[in-house]
Amino acid sequence: MTNRFLSRHMGMLAVGSAVIAASIYALMISVTLAHIQAVSGQIPFDMRPTGYGPTEAAALLDALGEDGRSYYISRQIALDSIYPAMLALTLVSAICWLGQRMPNRTLVRFGIALSIAAALFDYLENLGIVAMIWSWPEVSAPLVYAASSASILKSVLTTLAVISVLLTGFNRIRLSKAGFHP
């Protein structure tokens, strides 16, 4: 009963959570992150997949000013507190739905782990950004490097999780064409 329920509704869960995640992402890109970039003239921390160092972090935090730093926490971080969970739910449900008939579930388990890890590192990135803003102007280099590492790992893990969804989808198509029906 549970497997049939999950099988029937997993695709709808994937689509529904994808719509919510995409809406939040579009709002962040077009409103909050765009505002942060316009105010500071700098690329926000969230949009630096290759990371940043203490000099770049200080330049952004200084350029934001008190109002911009407050906006970063109250608007951007608030939205980015929902987005990682919705993206992880989208990726996990898509992987489960696409991989439900795969005889070897290794790719499914790996994709789920990557999706959850990406969300966790996104939350660590957010905590690092908040800690940098709260400690401004006395931001420590280890804090910047920790937040930057979380940004890099979030980006890498998210990319790998999306690739795992695509690979799971390709495997489903391949197995369907081969006539595999467990």
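Everything below is about the structure printed above this text.
Note that the coordinates shown come from a computational prediction; the quantities given were computed from them, not determined experimentally.

Student: Would you mind going over the overall build of the protein chain with me for this structure?
Tutor: In terms of regular secondary structure, the protein chain is built from five helices and zero strands. Starting at the N terminus and ending at the C terminus, the protein chain contains elements arranged as α-α-α-α-α. Overall, the protein chain is about 60 × 25 × 25 Å in size when its C-alpha atoms are taken along their principal axes. In the protein chain, buried positions account for 42% of the 182 residues. Contacts in the protein chain between residues far apart in sequence, at least 24 positions, make up 77% of those at least 6 positions apart. When the accessible surface of the protein chain is totalled, it reaches about 9,800 Å², and 68% of it is carbon and sulfur.

Student: How should the packing of aromatic side chains be read in this particular structure?
Tutor: Any pair of aromatic rings gets described here by the distance separating the centres and the angle formed by the planes. Enumeration according to the criterion identifies three aromatic pairs in this entry. Arranged with centres 5.7 Å apart and planes meeting at 35 degrees, the rings of Tyr-25 and Tyr-83 form a pair that is tilted. Taken together, the positions of Tyr-25 in helix H1 (residues 2-40) and Tyr-83 in helix H3 (residues 83-98) put the pair 58 residues apart, joining distant regions of the chain. Ring centres of Phe-45 and Tyr-72 lie 6.0 Å apart, and the angle between their planes is 40 degrees; on these two criteria the pair is classed as tilted. Highlighted residues: Phe-45 in the loop between H1 and helix H2 (54-79) and Tyr-72 in helix H2, separated in sequence by 27 residues. Here Phe-45 matches Tyr-72 in class, with each residue buried. Taken together through their ring pairs, the aromatic side chains of Phe-45, Tyr-52 and Tyr-72 make up a single cluster. For the cation-ring pair, Arg-172 lies above Trp-97, with the distance from its terminal atom to the ring centre recorded as 5.1 Å.

Student: Can you help me understand the pattern of salt bridges in this one?
Tutor: Pairing is possible between side chains of opposite charge, provided their charged atoms come close. Counted according to the given criterion, the structure contains one salt bridge. In this structure, Glu-125 engages Lys-154 in a salt bridge whose closest nitrogen and oxygen atoms are separated by 3.1 Å. Here Glu-125 is found in helix H4 (residues 106-135), whereas its partner Lys-154 is found in helix H5 (residues 141-177), with 29 residues between them in sequence. Since its relative accessible area comes to 11%, Lys-154 is described here as buried.

Student: Just checking my understanding: could you explain the environment of Tyr-123 for this structure?
Tutor: Looking at the element boundaries, Tyr-123 is found in helix H4. Judged by relative accessible area, which is 27%, Tyr-123 ranks as partly exposed. C-alpha separation for the pair Tyr-123 and Asp-80, spaced 43 residues apart in sequence, amounts to 8.1 Å. In contact with Tyr-123, not counting residues within four places along its chain, are Asp-80, Ser-81, Ile-82, Pro-84 and Ala-85. In this structure the side chain of Tyr-123 is engaged in a polar contact, spanning 2.8 Å, whose partner is the backbone oxygen of Ser-81. Within the local environment of Tyr-123, its side chain forms a polar contact with the backbone nitrogen of Ala-85, the two atoms lying 3.3 Å apart.

Student: For this particular structure, what's the right way to read the nonpolar core?
Tutor: Here is a general trend for soluble globular proteins: nonpolar side chains tend to be buried in one another's company. Judged by nonpolar contacts, the single largest core of 39 residues is most densely connected at Phe-45, Tyr-52, Tyr-72, Ile-129 and Met-132. Elements supplying a minimum of two residues to this core: H1, H2, H3, H4 and H5. The dominant element in this core, judged by the number of residues it contributes, is H4, at nine residues. Residue contacts for Tyr-72: discarding those within four places in its chain leaves Ile-36, Pro-44, Phe-45, Asp-46, Leu-64, Ile-77, Ile-129 and Ile-133.

The rules behind the values
Position numbers for residues start from 1 in each chain and track the written sequence from start to end. Predicted model: local features are reported for residues with pLDDT of at least 70 only, side-chain atom pairs are reported and counted for 80 or more only, and whole-chain, interface and lining totals are derived from all residues. Hydrogens and water are ignored here; the side-chain numbers use all heavy atoms of the structure. The secondary structure listing takes helices from DSSP runs of H or I that are at least 4 residues long and strands from runs of E that are at least 2 residues long, numbered from the N terminus. Partly exposed residues are those whose accessible area sits between 20% and 50% of the maximum for their type, while under 20% is buried and over 50% is exposed, using a 1.4 Å probe and protein chains only. Residue contacts are defined here by distance: any two heavy atoms, one from each residue, within 4.5 Å place the two residues in contact. For every accessible area listed, the method is Shrake-Rupley and the probe measures 1.4 Å; residues are considered covered only by the protein chains on display. Only Phe, Tyr and Trp rings are paired, with Trp represented by its six-membered ring, and only when their centres lie within 6.5 Å; those with planes under 30 degrees apart are stacked, over 60 edge-to-face, the remainder tilted. Note on geometry: a ring has a charge over it if NZ (lysine) or CZ (arginine) is within 6 Å of the ring centre and within 35 degrees of the ring normal. Any carboxyl oxygen of Asp or Glu that lies within 4 Å of a side-chain nitrogen of Lys or Arg is treated as forming a salt bridge with it. Polar contact is the term for a pair of N or O atoms within 3.5 Å; when the atoms are in protein, one must be able to donate a hydrogen and the other to accept it, and sequence-neighboring residues count only if both atoms are side-chain atoms. Definition of nonpolar core: a set of buried residues of the types Ala, Val, Leu, Ile, Met, Phe, Trp, Tyr and Cys, connected through side-chain atoms within 4.5 Å.

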